[in-house]
Amino acid sequence: QVRLVESGGGLVQPGGAPRLSCAASGRIFSINFMAWYRQAPGEQRELVAELTRGVNTKYADSVKGRFTIFGDNAKNVVYLQMNKLKPEDTAVYYCNAEVVMDSDGSTWHEWGQGTQVTVSS
């Protein structure tokens, strides 16, 4: 019904500033929220940042002031600008979205496949 495709991960030096992107496609009437989660080895998946209805944002305390989530509503794309990366930011980053599929309000909740971000010198 809905597909999320992430891009932008890779090996980054400490202090680097990569940008992740997540594009939603499929049966989309509107988007309630798009978010980024991450999961480090041996750890639980955690919320990194969330963008609700293209306007409201929420961040994990560990990334406040360093990461910025923003979107392009016309393209159904959400970005995560990551600045001042630290080794502890190393994780697989997952895109997550709740999409309204039709005017009747039916929703779909989807996860992307994940993109690896490794912070190392």
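Please refer to the structure higher up on the page.
Just so it is clear, the structure is predicted and the values come from calculations on it, not from any experiment. (Residues numbered from 1 in each chain as written. Predicted model: local features only at pLDDT ≥ 70, side-chain atom pairs only at ≥ 80, totals over all residues. Heavy atoms only, no water.)

Participant: How would you summarise the nonpolar core if you had to cite specific residues and measurements?
Facilitator: Counting 28 residues, the largest nonpolar core has M34, W36, L80 and Y93 as its most contacted members. Considering every element that reaches this core, the biggest residue donor is strand 9 (residues 91-100), with five residues. (Core = buried A, V, L, I, M, F, W, Y, C linked by side-chain atoms within 4.5 Å. Buried < 20%, exposed > 50% of the residue type's maximum accessible area, 1.4 Å probe, protein only. Helix = DSSP H or I, 4+ residues; strand = E, 2+ residues; numbered from the N terminus.)

Participant: Any details on unusual backbone geometry? Residues and values, ideally.
Facilitator: Most of the time, phi is negative for any residue but glycine, and the peptide bond is trans. One non-glycine residue with positive phi stands out, namely N76, at about 55°. A relative accessible area of 21% places N76 in the partly exposed class. With a phi close to 50°, K84 is a non-glycine residue in the positive phi region. Among the structural elements, K84 can be located in the loop between strand 8 (77-82) and strand 9.

Participant: Tell me about the packing of aromatic side chains, and name the residues and values.
Facilitator: What describes a pair of aromatic rings is the distance from one ring centre to the other and the angle between the planes of the rings. Counted under the stated rule, the structure contains three aromatic pairs. Look at F70 and Y79: their rings are 5.1 Å apart centre to centre, the planes differ by 25°, and that puts the pair in the stacked class. For F70, a relative accessible area of 30% puts it in the partly exposed group. Ring geometry for Y94 and W111: centres 6.5 Å apart, planes at 85°, overall edge-to-face. With a gap of 17 residues between them, Y94 in strand 9 and W111 in strand 10 (residues 107-111) connect regions that are remote in the sequence. On the accessibility criterion, Y94 (14% relative accessible area) is buried. We classify W111 as partly exposed; its relative accessible area is 32%. Taken together, the aromatic side chains of Y37, Y94 and W111 make up a single cluster linked through ring pairs. Taking the ring centre of Y79 as reference, the NZ or CZ of R19 above it sits at 5.9 Å. It is R45 that lies over the ring of Y94; its NZ or CZ is 3.7 Å from the centre. (Phe/Tyr/Trp six-rings, centres within 6.5 Å; stacked < 30°, edge-to-face > 60°. Lys NZ or Arg CZ within 6 Å of the ring centre and 35° of its normal.)

Participant: Go over the sheet that holds strand 1 (residues 2-7), please, and point to the residues and values.
Facilitator: In spatial order, the strands read 1-3-8-7; together these four strands make up an open sheet with antiparallel pairing. Edge positions in the sheet fall to strand 1 and strand 7 (67-72), since each of these pairs with one other strand and no more. Taken over all neighbouring pairs, the strand axes of this sheet differ in orientation by 15° on average, direction set aside. As paired strands, strand 3 (residues 19-26) and strand 8 are joined by five bridges and run antiparallel to one another. Counted as the bridge partner of L20 is L80 from strand 8. (Pairing = 2+ DSSP bridges. Axes fitted to C-alpha atoms, helices over the stretch in contact; angles between N-to-C directions.)

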